[in-house]
Amino acid sequence: MRPGVRSTVDRLDAPSAYYHSRNNKRKRNDHGRDGKDSRDGDTDMADVKPEEPPEDPLRNSTTLYVGNLQSLKRERAVANRLNATWGVEDANQETYRSFYTTEEQVYELFSKCGEIKRLVMGLDRFQKTPCGFCFVEYYTHQDALDCMKYIGGTKLDERVIRTDLDPGFEEGRQYGRGKSGGQVRDEYRDDFDEGRGGLGRAIQSEKSERMRDSEKNREKDTHHEDDYGRLR
Amino acid sequence: MADYERRQPSGGGSGGYNNRKRRYRDDDEYDRRPQRRRYDAPLPVRIRKQLLGLAESPLRRWHEEVQSIAQVIADGYDDQELQTSFLDLVPQMVLEQPLKIPFVAAVVLVVNSLKPEVLDPLLARITSATEERAKEGEWRDVKLYLKFLACLQSCLKGDGLFPVLDELFSRAVDLQTASSDDTIGTELVKIILLTIPYILAAAPSTESEQKAAELMDKTDIIASEPHALQILIDPYHAERGTESPVANSSLIGLLQKQLQNEAANGWPLSCLPRPWRMPLEEIEQQEKLDNAQKHALPTIALPNKVTTGPRPLFPEIFYSVYIHQDIESVPPISNIASSVIRDALLDTINVLHFNRNATARFLIDADCYFAPGTFIKRATPFDRLRDMDGDRSSWKPEDVAVDAVFSQLLQLPTPEHKLVYYHSVLTEACKIAPAAIAPSLGRAIRYCYQNTHRLDLELSYRFLDWFTHHLSNFGFMWKWTEWVEDVNLPDMHPCKSLILGALDKEIRLSFAQRIKGTLPEPYQALIGPEKEQDTPEFKFNNEHTPFSAEGKELAALLKRKAPDEEIQPVIDRIHSAALDQSIDPLVTSTDVFMTAVCWVGSKSLSHVLASIERTKDRLLDAGAASEAARAQIITAVINYWSAHPGVAISIIEKLLNYSIVTPGAVIEWALVGDRAGPYGQALSKAWVFELVFHTVVKVTSRLRQVVIGGVTEGVQEEIAAMRELFKTMDDALVSWAQGTKDQLMDPVVPDGGEDLVKRWGERWLRVFRRRSAIEEAFLTSA
């Protein structure tokens, strides 16, 4: 449809609320640094008008952030499986595969939208193993948009994956930002997600502690919003 | 029925999946937030919402809904904002939500009976937009606007829309007489024939019938003649001595006959909705409608020179995966319903590529947008159709919907959007209404499987790709037991080839053990232990492999990223040893080196890419040195990753990007010798087709980019190279297809395999000759 006209049906290739909230925060900070913070919103708007609107960093983006991948580690995968099935260790365990989504799987699926230029797996900061997200870079912006429309929200390795347009990979962003090295969301997850190692890691480590009160719970919920190892 | 209520109907399609605020399923169903104070949205906003939601609910009655919206619009029309938004929204809805066109038209007709001055600016808007789109060659948009105007025929003065159709026809005639390959004329005739039924449903009269008959007399010559290009885009590749099941199914040919049928029966057009027709109790409103003011339709000037538009046009064939069944679960091709419903669904699918959820919703709700009684109740099991009364419809709405998507998935030369879009539509439809859609998909899958031998090979591959991708979204569950007997067929049999290809693709999206777990016992042997291994063995670790020591040494050097000076001595040693054994030194060293590169990078694609990046100069030199060495690079990669061809294909794709191997080398490797499989078996392997197909697409799309980009330097060379590539393929494939290949002449060929190989050769040949023809057509048009 023509640009600028709102469609009668929502578009799936728009950036998510995550990106916008991040972006807005940053904008406010920038203003603060520029010393414009004394102005109120209205004058600020008036001030901006004559200038060119800031270039949208996603306008020609060819990169996607991909989240919610399988990220269970080998040891735990095997242990979980064995414990669940027989409750014992088994000599056969090396035949079990490491339970994280592999680059090859990502290639196989994401190539359906166009040739992949680069794939960067998100890694646990300490163990350097995949920790549940990756960046997929295509050659064209259109391929990235098509990926948002056709692949985001479908399954890979039997998990519903999430895609979001991304201004581009930078060195360092491949590492999880959680305290224990993985993704922040995996620290304080209170749902049991087998594909991501059961409960949140922080929760597991403080398991002996008494049940957290609801106050604390709410606090943790806000952590969910800052999930992913991305966009500092 | 249970599926109906899964999602609440939401104005104009639901939102995205990226709604991260709702993390729990419950949140979707019960909103526990404190209710915000209610306030009435501004009028234009309310009207927008109502218009967008038109006809979505099977619980609302059409005439009531239409009247109530029309009333609000007429009452508030003095509001400037409302006028603007209404005049913007109507044309937009016509283009974006084609299934609702008759309903939007009904609203406009009722508005006309209440406030006739609304119509003139609206008609002006639509007609000028139509002109605009015709100029751009956006023929689908033209068709949709005309469909809308056709629904308004009853409020148009004089002959209404007919003169426009006459004008379109005279254009079509000029184009068709000028060239037999013309496709725009065919498209224009299609538009005319698809517009006529809406005029007759909206304004049935003897004059209309007369006009339609005159028009159809004229279109007959063009519509009944098979198009020169039809043979090229037939989805079936019939075996010798047989006829394609769709040989007589050109879309406009069928339309012409269907309309003649309708005319002969007094135009019942029983599937079309007529929301502008009021029930008996609304006789007053009906009278108002009948006596409403008529308006002159502004002229729609067609451009002097019509163009194809952004997408190349091809004649269309009506394809269905259900028409062969013994019970009618979709309209038969003799019935106008088959074309009219398909047309509306296809436009919906292709227009709404930006929200597959909305598309899927429309497909599931398809029965809401056609006359009551057109379809049987949703999710009626196929077996139950047998017990139906004679005169009630047995058309399953989900079959009709799935059929429409399949017709796109299996459309030649290519559908409008990437194939994965159509995959995603089927996935969503299956998620929304699994009980209704899954059994329909099952029957479609069986049909494609049983007909894979005569399906065009490219389409067979597309089917395979969709099938496995679809399964990956639904726990890899399929009733493999029903094909269990085919497991023992020779690997070259089309069905067995499909099974093998499917298992490989499933494994790529998952892993061998998982897939094995979904298969009945007889299939287990098809997934060998080598497939369960993430990292293949390094053959040089085996002492008995020739050059084992050098292989290990090279691997060790590569692992510690040793400089090239340390590598060269080992290569030299291989060279001299090879010379002593009188084998090709460069080929030998290339095999050892490339295999070592693969092994060192076996941990993941990133590893192997980094490993290639570090050694690319050496590989480039080897590849440039001789054809045999170039082929050996490919052989080494494919041999190392033989259990996981998907990985091998990705690596070769990157080697092509680095120009370490050439497209020509890949084609030669796959098709000329027997490196990809003895006795022509390569031709039956899905992954070989994938490798070659991707390579060809890479070459052709690069050339297109260059040509479109207007670069002139070196273009002629690239064109020549592409032609050379197609020629190589043609030569190789012709000799397979005709059985003149040395390997085929060899008496060692297993029994009966020869005919199979020839057939595979023919199928390959058809695919790449078509590709070549299409590229040539592109070059002449560019």
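Treat the numbers as computed from the prediction; the structure is a model and nothing was measured.

Within chain A, the regular secondary structure consists of seven helices and six strands. Starting at the N terminus, the α and β elements of chain A follow one another as α-α-β-α-α-β-β-α-β-β-β-α-α. Within chain A, the proportion of its 232 residues that are buried is 37%. Sequence-distant contacts, at least 24 apart, represent 68% of the contacts inside chain A between residues at least 6 apart.

Scanning chain B from terminus to terminus reveals 33 helices and zero strands. Relative to the 2.2 N^0.38 estimate, which gives 28 Å for 782 residues, the radius of gyration of chain B is 31 Å and therefore close to what a compact globule would have. Overall size of chain B, expressed as C-alpha extent along the three principal axes, is 105 × 70 × 55 Å. Here chain B holds 782 residues, and the buried ones make up 46% of them. Across chain B, the fraction of contacts at a sequence separation of at least 24, relative to all contacts at a separation of at least 6, is 73%.

This part covers the interface of chain B and chain A. With 39 residues of chain B at the contact, the number on the chain A side is 33 residues. Put simply, the parts of the chain that give the side of chain B that touches chain A at least two residues each are α4 (80-96), α14 (356-364), α16 (419-432), α18 (457-473), α19 (494-509), α26 (605-625) and α28 (645-657) of chain B. If one sorts the elements of the side of chain B that touches chain A by residue count, α16 of chain B sits on top with four residues. When its residues are assigned to classes, the side of chain B that touches chain A shows 12 nonpolar, 20 polar and seven charged.

Below, the discussion takes up the domain arrangement of chain B. Per the domain assignment, the segments making up chain B are domain 1 (460-526), domain 2 (533-661) and domain 3 (697-782). Here the C-alpha centre of domain 3 of chain B lies 29 Å away from the C-alpha centre of domain 2 of chain B.

Residue and element names in this part refer to chain B. Here the bond from Leu412 into Pro413 is cis, since omega is -5°, no more than 30 degrees from zero. With respect to the helices and strands, Pro413 occurs in the loop between α15 (397-409) and α16. A positive phi angle is found at Leu269, which is not glycine, with a value near 40°. One can find Leu269 in the loop between α11 (251-264) and α12 (283-290). Even without being a glycine, Ala379 presents a positive backbone phi close to 65°. Within the secondary structure, Ala379 is located in the loop between α14 and α15.

The subject of this paragraph is the environment of Ile633 of chain B. Residues and elements named next belong to chain B. Residue position: Ile633 is located in helix α27 (residues 627-640). Given 25 C-beta atoms within a 10 Å radius, Ile633 is considered buried. Separated by 22 residues in the primary sequence, Ile633 and Leu655 have C-alpha atoms spaced 9.2 Å apart. Residue contacts for Ile633: discarding those within four places in its chain leaves Thr590, Met594, Leu619, Ala622, Gly623, Leu655, Ile660 and Val661.

This next bit is on the nonpolar core. Residue and element names in this part refer to chain B. Counting residues in each nonpolar core, the largest one holds 252 residues, and the members touching the most others are Val104, Phe148, Ala429, Ile633 and Val637. Examining the composition of this core, we find that 12 residues originate from one element, helix α9 (residues 184-202), more than from any other. In this structure, Phe148 is in contact with Val94, Ile101, Val104, Ala105 and Ile126, ignoring residues within four places of it in sequence.

Residues and elements named next belong to chain A. Across the sheet, four strands lie side by side as β2-β3-β1-β6; this open sheet has antiparallel pairing. The two strands at the open ends of the sheet, each matched to only one other strand, are β2 (116-123) and β6 (162-166). Taking each pair of neighbouring strands and ignoring which way they run, the sheet shows an average axis angle of 25°. As judged from the six bridges shared by β2 and strand β3 (residues 130-138), these two strands associate in the antiparallel manner. Opposite Leu123, over in β3, you have Pro130 as the bridge partner. Sheet strands in contact with helix α5 (residues 141-150) are β1 (63-67), β3 and β6, and its direction is about 150° off that of β6.

Let us now look at the UniProt feature "domain: MIF4G-like type" (unreviewed entry) in chain B. UniProt records the feature "domain: MIF4G-like type" (unreviewed entry) for residues 331-521 and 538-776 of chain B in the present numbering. Between the end C-alpha atoms of residues 331-521 of chain B the distance is 40 Å, and the span holds 57% helix and 0% strand.

Bringing the packing of α27 of chain B against helix α29 (residues 663-672) of chain B into the picture now. Residue and element names in this part refer to chain B. Following both chains from N to C, one finds α27 and α29 inclined at 70°, their axes separated by 10 Å at the closest point. When the axis of α27 is compared with that of α29, the two are roughly perpendicular. Every pair of crossing elements has a handedness; the one defined by α27 and α29 is right-handed. Each of Arg630, Ala631 and Ile634 in α27 lies in contact with α29, whose residues at this interface are Ala665, Val666, Glu668 and Trp669. Looking at the contact of α27 with α29 residue by residue, the class counts come to five nonpolar, no polar and two charged.

Attention now moves to the environment of Thr468 of chain B. Residue and element names in this part refer to chain B. Summarising the element assignment, Thr468 is placed in helix α18. Here Thr468 falls in the buried class, since 25 other C-beta atoms lie within 10 Å of it. Taking C-alpha positions, Thr468 is 9.2 Å from Asp504, a pair spaced 36 residues apart along the chain. Residues contacting Thr468, with those up to four places away along its chain left out, are Ala502, Lys505, Glu506 and Leu509.

Looking at chain A as a whole, its pLDDT mean stands at 70, while 56% of the residues score no less than 70. Low confidence marks residues 26-50 of chain A, where pLDDT is under 50. Its contacts with residues over four positions away, or in another chain, come to five contacts.

Compared with an ideal rise of 1.5 Å per residue, which puts 16 residues at 22 Å, helix α13 (residues 336-351) of chain B spans 23 Å between its outermost C-alpha atoms and is within 8% of the ideal. Across the 16 residues that make up α13 of chain B, a large majority, 15, are buried.

Now for the environment of Asn335 of chain B. Following the sequence through the fold, Asn335 of chain B ends up in the loop between α12 and α13. The spatial distance from the C-alpha of Asn335 of chain B to the C-alpha of Val699 of chain B is 43 Å, given a sequence separation of 364 residues.

Here is what the cut-offs are and how they apply
- Residues numbered from 1 in each chain as written.
- Chains lettered and ligands numbered in written order.
- Predicted model: local features only at pLDDT ≥ 70, side-chain atom pairs only at ≥ 80, totals over all residues.
- Helix = DSSP H or I, 4+ residues; strand = E, 2+ residues; numbered from the N terminus.
- Buried ≥ 20, exposed ≤ 12 C-beta atoms within 10 Å, placed from the backbone.
- Contact = placed C-beta atoms within 7 Å.
- Rg over C-alpha atoms; globule rule 2.2 N^0.38 Å.
- Nonpolar A, V, L, I, M, F, W, Y, C, P; charged D, E, K, R; others polar.
- Domains from an automatic or database assignment.
- Core = buried A, V, L, I, M, F, W, Y, C linked by C-beta atoms within 7 Å.
- Pairing = 2+ DSSP bridges.
- Axes fitted to C-alpha atoms, helices over the stretch in contact; angles between N-to-C directions.
- UniProt positions renumbered as here; feature names shortened; annotations may be inferred.
- Parallel < 35°, antiparallel > 145°, perpendicular 65-115°, else oblique.
- Left-handed = near helix turned anticlockwise from the far one by under 90°.
- pLDDT = per-residue confidence, 0-100.
- Expected span 1.5 Å × (residues − 1).

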